[in-house]
Amino acid sequence: MDSLAAAPGTGPATSPLPVLRKPRPAAKFANLPTDRTLVMGILNVTPDSFSDGGEHAAADTAIAAGLRMFYGGADIIDVGGESTRPGAVEVGVEEEQRRVLPVIQALVKAGVLVSIDTTHSATAAAALDAGAAIINDVSGLTMEPEMADLAARSKVPYILTHRRGDAGTMDSLTEYGNVAEDVAAELAGVRDKLYAAGVAPEQIILDPGLGFAKNEEQNWELLRRLDVLQAMGHKVLVAASRKRFIGSLLTEAGKAAPPAERDAATAAVTAISAHRGAWAVRVHDVGPSLDAVKVAARLTTAPAAAAPAAAGEN
Ligand code: PMM
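Here the structure is a predicted model, which is why all the values come from computation and not from measurement.

### A few points about helix 5 (residues 146-154)
Stage number 1. For helix 5, every residue scored as buried is listed here: Met147, Ala148, Leu150, Ala151 and Ala152.
Stage number 2. Looking at the buried positions of helix 5, the neighbouring elements they touch are helix 4 (121-129), strand 4 (134-137), strand 5 (158-161) and helix 6 (179-197).
Stage number 3. The first or second residue beyond helix 5 is Lys155, which carries a positive phi of 65 degrees.

Have a look at this one:
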């Protein structure tokens with residue numbers, strides 16, 4: 001973990017976080033910027049990320065990490081308490097909620113717009129009660145169809161991610177004819193279930209599910225053909241950050257780049273996704289992706305008043 005002192009106003013990990021004593025008005029989805037691609041910061045509250053120093057220190061450390069991304073410019077913080085990577089083991093909803101709810105409450109109180117990354121409708125419901133404003137269901141409604149009713153009732157945005165199988169089986173479910181068209185068709189099928197449950201079209205955010213039942217080439221093809229998903233008429237989220245296919249691309253001497261060395265390439269994916277009109281990107285390292293988003297926006301929109309470059313620069 002980085003030093004927590006890097007986050008303005010967050011204080012040390014073991015003391016109450018000063019910023020939380022002054023609650024801010026709740027952030028609203030409707031107030032998110034619409035003139036550029038949004039940056040969603042990833043906050044995985046799993047023991048391997050935040051286990052040092054016991055339960056409270058873990059929550060404080062996670063909160064501080066979320067605030068650091070928020071102060072660094074993240075538009076949304078995506079909080080998850082259960083790993084969804086291939087081969088990951090389920091933790092159960094009680095443990096999942098024990099991990100995420102205090103973190104969500106604190107971030108919401110500080111004015112952060114939070115999405116809940118879960119495949120469990122009970123956890124999604126508890127997270128909404130705690131102030132989360134977006135449901136991010138990587139199972140694409142395949143784990144708990146009740147998610148559709150929750151989305152309909154709560155009227156919050158629902159991120160519909162393409163996935164086949166679960167963490168244990170997805171790596172063997174990569175047979176596609178045309179991957180972009182097949183993913184779009186399968187998402188359209190789930191979307192119809194959401195409509196049938198009463199979810200409105202503008203609530204739905206589509207996600208190609210990079211790395212979920214996709215081989216390397218299929219991930220690249222989905223990025224190449226983002227237009228196929230966009231043609232479905234919903235917002236599109238791209239979540240490539242530090243994924244295995246990025247690591248493989250950066251292979252050197254027969255070894256894939258480790259996750260911590262995948263952020264520059266992730267920012268490159270952000271620039272391209274933003275230029276192609278993605279609604280948002282979901283990333284671990286917020287700063288470089290924010291810069292990438294600004295570069296993409298500058299190619300298509302007139303500049304805001306910018307500070308002049310220092311003398312002597314090109
Ligand atoms: N991937 C992961 C977790 N949550 N949510 C959405 N919407 N899309 C994704 O592709 C996605 C996700 C797994 O990646 P991580 O372990 O790096 O968070």
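### Quick word on helix 6
Stage number 1. In this model helix 6 runs 27 Å from its N-terminal to its C-terminal C-alpha over 19 residues, within 8% of the 27 Å that 1.5 Å per residue would give.
Stage number 2. Along helix 6, the residues that are buried comprise Val179, Ala180, Val183, Ala184, Leu187, Ala188, Val190, Arg191 and Leu194.
Stage number 3. Close packing links the buried residues of helix 6 with helix 5, strand 5, strand 6 (204-207), helix 7 (216-224) and helix 8 (226-230).
Stage number 4. The backbone nitrogen of Ala180 has a side-chain oxygen 3.2 Å away, supplied by the residue at the start of helix 6, namely Asn178.
Stage number 5. Directly after helix 6, the chain includes Gly198, whose backbone phi takes a positive value near 105 degrees.

### Overview of the packing of aromatic side chains
Stage number 1. Tallied over the full model, the rule gives 3 aromatic pairs.
Stage number 2. Centre to centre, the rings of Trp220 and Phe245 are 5.0 Å apart; their planes meet at 75 degrees, and the pair counts as edge-to-face. Within this pair, whereas Trp220 is found in helix 7, its partner Phe245 is found in helix 9 (residues 244-249), the two being separated by 25 residues in sequence.
Stage number 3. Exposure remark for Trp220: the relative accessible area of 22% places this residue in the partly exposed category.
Stage number 4. The aromatic ring of Tyr176 is capped on one face by Arg164, whose charged end is 3.8 Å from the ring centroid.
Stage number 5. Cation over ring: Lys243 sits above Phe212, and NZ or CZ is 4.7 Å from the ring centre.

### Quick notes on the site of the ligand
Stage number 1. Residues in close proximity to the ligand total 16 residues, the closest being Arg85, Asp117, Asn136, Asp207 and Lys243.
Stage number 2. A distance of 3.2 Å is found between an oxygen atom of the ligand and a side-chain nitrogen or oxygen belonging to Asn44.
Stage number 3. At 2.7 Å, a side-chain N or O of Asn136 approaches a nitrogen atom of the ligand.
Stage number 4. Expressed as a share of its isolated accessible area of 410 Å², the protein-covered part of the ligand is 97%.
Stage number 5. Among the elements of the structure, strand 1 (38-44) and strand 5 are those that each provide at least two residues to the shell around the ligand.

### Some points on the pattern of salt bridges
Stage number 1. Summed over the entire model, instances satisfying the criterion amount to 11 salt bridges.
Stage number 2. One salt bridge connects Arg36 with Asp75, and the closest N-O pair in it is separated by 2.8 Å. Residue Arg36 is located in the segment before strand 1, and its partner Asp75 is located in the loop between helix 2 (54-71) and strand 2 (76-80); the two are separated by 39 residues in the primary sequence.
Stage number 3. Take Arg36: its relative accessible area is 25%, and that puts it in the partly exposed class.
Stage number 4. The shortest N-O distance in the salt bridge between Arg164 and Glu186 comes to 2.6 Å. With Arg164 in the loop between strand 5 and helix 6 and Glu186 in helix 6, this pair connects stretches of sequence that are 22 residues apart.
Stage number 5. Residue Arg164 is classed as buried on the basis of its relative accessible area, which comes to 17%.
Stage number 6. The partly exposed category is assigned to Glu186, whose relative accessible area is 28%.
Stage number 7. Each of Asp78, Asp117 and Arg282 takes part in a single network of salt bridges with overlapping partners.

### Concerning the sheet that holds strand 5
Stage number 1. Pairing is parallel around the closed barrel formed by 8 strands, whose spatial order is 1-2-3-4-5-6-7-8. Pairs of neighbouring strands in the sheet enclose a mean axial angle of 25 degrees, with direction left out of account.
Stage number 2. Pairing geometry for strand 6 and strand 7 (residues 235-238), over 2 bridges, is parallel. Bridge pairing links Leu206 to Val236 in strand 7.

Calculation criteria
Residues numbered from 1 in each chain as written. Predicted model: local features only at pLDDT ≥ 70, side-chain atom pairs only at ≥ 80, totals over all residues. Heavy atoms only, no water. Buried < 20%, exposed > 50% of the residue type's maximum accessible area, 1.4 Å probe, protein only. Helix = DSSP H or I, 4+ residues; strand = E, 2+ residues; numbered from the N terminus. Contact = heavy atoms within 4.5 Å. Expected span 1.5 Å × (residues − 1). Polar contact = N/O pair within 3.5 Å; in protein donor to acceptor, adjacent residues only side chain to side chain. Phe/Tyr/Trp six-rings, centres within 6.5 Å; stacked < 30°, edge-to-face > 60°. Lys NZ or Arg CZ within 6 Å of the ring centre and 35° of its normal. Near = heavy atom within 4 Å. Areas by Shrake-Rupley, 256 points an atom, 1.4 Å probe, with all protein chains shown as cover. Salt bridge = Lys/Arg side-chain N within 4 Å of Asp/Glu carboxyl O. Pairing = 2+ DSSP bridges. Axes fitted to C-alpha atoms, helices over the stretch in contact; angles between N-to-C directions.

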